[in-house]
Amino acid sequence: MTALSVLLVLVVLTVLMTVKVVPQQRAYILERLGKFYAVLQPGVNFVIPFFDRIAYKYTLKETAIDIPEQICITRDNVQVRMDGVIFIQVIDPKKAAYGIADYTFAVIQLAQTTMRSEIGKLDLDKTFEERMTINRAVVESIDEAAIGWGVKVLRYEIKNITPPQSVLIAMEKQMQAERERRAVILQSDGEKQAAVNVAEGQKQKAVLESEGLRLRQINEAEGEAAALRSVAEATAESIRVVALAIREEGGLEAVQLKVADNYVEQFGKLAKAGNTLILPANLADMGSMIATALTIVKSESKK
């Protein structure tokens, strides 16, 4: 019974050693008598006990590796602390097993050296702006070196860039000064625009006032011209009426009487206006004066 139990245990162990189940997205490196034999694919695989052994096991999933913080010196001689994370994937398990002793350690070291090299090409201010450039340079550098490692660098990201405390204080003062400068510029621009608006308003006001004055003068001139035309037309009409009245029967006698009446009236006004009265030399010959006036009226009426 004991021998049978031992035999059963040996059979079970042999089966277990013969059958190898590889999980999905995993790769096992099989060596036979110490030499590479095959890469076991996911699923059930059969091996020869005591001759074959699983030397390496790799995951084919994308893996994130932390890049430890390190000190880098920028082109303007400022020390900054930087760390990051890199994403890699095993694409050739055989090369990963025999191309390098530890590809993870190699990737970390190469990422750090490349990052130091790229930071040394930039000034401090540019390191914050050129993150994508640094990330791309690290990926390209590791990809070129990792051809024989069986791994693919998918991407690299800088996590933190930490300048010295003194630099942080200086940067804060610089940013504050920049904000104050922008505030002053905005205020001066506002005052300038306000002054321009006021001047523009005054200009438009002056233009409108001058335009209004011009229109008023034009209107007044047109009104005066219209009034003069009306007076002239009324005068002309009255003269025509008088002329027509003279031509009618008894018109000359009426004119004679009117002239004599006006003559006497005007002399009466002169006597009331002052103590001194200037009389014409022929005042006694009133009839001849009226006759002369009537002669003029007759001559005008015949024209």
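Residues numbered from 1 in each chain as written. Predicted model: local features only at pLDDT ≥ 70, side-chain atom pairs only at ≥ 80, totals over all residues. Heavy atoms only, no water.

**Some points on the sheet that holds strand 6 (residues 63-73)**
Here we have 3 strands laid out as an open sheet, ordered 6-7-8, and antiparallel in their pairing. With partners counted over all chains shown, the strands left at the sheet margins are strand 6 and strand 8 (151-162), one partner each. Each strand of the sheet is rotated relative to its neighbour by a mean of 25°, with strand direction disregarded. Sheet topology places strand 6 next to strand 7 (residues 79-90); 9 bridges connect them, and they run antiparallel. Note that in strand 7 the partner of Asp-66 across the bridge is Val-85. Relative to the sheet, helix 5 (residues 131-145) contacts strand 7 and strand 8, its axis offset from that of strand 8 by approximately 145°. (Pairing = 2+ DSSP bridges. Helix = DSSP H or I, 4+ residues; strand = E, 2+ residues; numbered from the N terminus. Axes fitted to C-alpha atoms, helices over the stretch in contact; angles between N-to-C directions. Contact = heavy atoms within 4.5 Å.)

**Some details on the packing of aromatic side chains**
Inspection of the entire model under this criterion finds 4 aromatic pairs. Between Tyr-56 and Tyr-58, the ring centres sit 6.1 Å apart and the planes meet at 15°, which makes this aromatic pair stacked. The class for Tyr-58 is buried, based on a relative accessible area of 9%. Clustering of aromatic rings is evident, with ring pairs tying together Phe-36, Tyr-56, Tyr-58, Tyr-98 and Tyr-103. Its guanidinium or amino end placed over the ring of Tyr-37, Arg-32 lies 3.9 Å from that ring's centre, counting from NZ or CZ. (Phe/Tyr/Trp six-rings, centres within 6.5 Å; stacked < 30°, edge-to-face > 60°. Buried < 20%, exposed > 50% of the residue type's maximum accessible area, 1.4 Å probe, protein only. Lys NZ or Arg CZ within 6 Å of the ring centre and 35° of its normal.)

**Focus on unusual backbone geometry**
Even without being a glycine, Gln-25 presents a positive backbone phi close to 60°. Relative to the elements of secondary structure, Gln-25 occurs in the loop between strand 1 (19-22) and strand 2 (26-32). The class for Gln-25 is partly exposed, based on a relative accessible area of 32%. A positive phi is found at Leu-33, a non-glycine position, where the angle reads about 55°. Tracing the chain through its elements places Leu-33 in the loop between strand 2 and strand 3 (35-40).

**What about the environment of Met-171?**
Mapping Met-171 onto the fold places it in helix 6 (residues 165-247). Along the sequence, Met-171 and Asp-125 sit 46 residues apart, while their C-alpha atoms lie 9.4 Å from each other.

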